[in-house]
Amino acid sequence: MANEIVIAQTTIDDEDRAKALARGAVENRLAACAHVDPPLTAVYRWNEAVETAREWRISYKTTTGRLPELEAWVARGHTYDVPEWITLPVTGGSAAYLSWVAEETGAP
């Protein structure tokens, strides 16, 4: 269903870029809102080495119908070779809030 609500997430290593990715998605109605979490420490394996980085997580509230456009938009503006991109289903919530997300993203 095109208006099912999901949370899509990515991380990036620059706070200003995180805020720009969040704001741009909302301005373009790809997400109803986006949260930029405080910096966190990421530990991961990259190019055969264990790396540590400071990152900001962006969580977008959107619909499955807007998800492909949001994913493409974030990928164009992202600086990582392989950016994190995961989606989490929203299995419940306030009817008013879920309707607002659908309305703000232009879902039918």
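In what follows, the accompanying structure is described. Just so it is clear, the model here is predicted, and its values are computed rather than measured.

**Regarding the side chain of Gln-9**
Right, on to step 1. For Gln-9, the position within the fold is in strand β1 (residues 5-12).
Right, on to step 2. Here Ser-59 takes part through its side chain, which lies 3.0 Å from a polar atom of the side chain of Gln-9.
Right, on to step 3. What Gln-9 contacts, discounting residues up to four positions off in sequence, is Arg-57, Ile-58, Ser-59, Glu-84, Trp-85, Ile-86 and Leu-88.

**Some remarks on unusual backbone geometry**
Right, on to step 1. A positive phi angle, close to 55 degrees, is found at Asn-47, a residue other than glycine.
Right, on to step 2. Relative to the helices and strands, Asn-47 resides in the loop between β3 (40-46) and β4 (49-63).
Right, on to step 3. At Glu-48, a residue that is not glycine, the phi angle is positive and equals roughly 65 degrees.
Right, on to step 4. Looking at the element boundaries, Glu-48 is found in the loop between β3 and β4.

**Description of the side chain of Thr-10**
Right, on to step 1. Within the secondary structure layout, Thr-10 lies in strand β1.
Right, on to step 2. Engagement of the side chain of Thr-10 in a polar contact is seen with the side chain of His-78, the distance being 3.3 Å.
Right, on to step 3. Each residue touching Thr-10, except ones within four places of it in the same chain, is listed here: Trp-56, Arg-57, Ile-58, Tyr-60, Val-74, His-78, Pro-83, Glu-84 and Trp-85.

**Side note on the nonpolar core**
Right, on to step 1. Grouped together as the largest cluster of nonpolar side chains are 15 residues, with contacts concentrated most on Ala-25, Ile-58, Tyr-60 and Leu-70.
Right, on to step 2. Elements that contribute at least two residues to this core include exactly β1, α1 (15-27), β4 and α2 (67-77).
Right, on to step 3. It is α1 that contributes the most residues to this core, four residues altogether.
Right, on to step 4. Dropping the residues within four chain positions of it, Ile-58 is found in contact with Ala-8, Gln-9, Thr-10, Ile-12, Ala-18, Leu-21, Ala-22, Ala-34, His-35 and Val-36.

Conventions we followed
Residues numbered from 1 in each chain as written. Predicted model: local features only at pLDDT ≥ 70, side-chain atom pairs only at ≥ 80, totals over all residues. Heavy atoms only, no water. Helix = DSSP H or I, 4+ residues; strand = E, 2+ residues; numbered from the N terminus. Polar contact = N/O pair within 3.5 Å; in protein donor to acceptor, adjacent residues only side chain to side chain. Contact = heavy atoms within 4.5 Å. Core = buried A, V, L, I, M, F, W, Y, C linked by side-chain atoms within 4.5 Å. Buried < 20%, exposed > 50% of the residue type's maximum accessible area, 1.4 Å probe, protein only.

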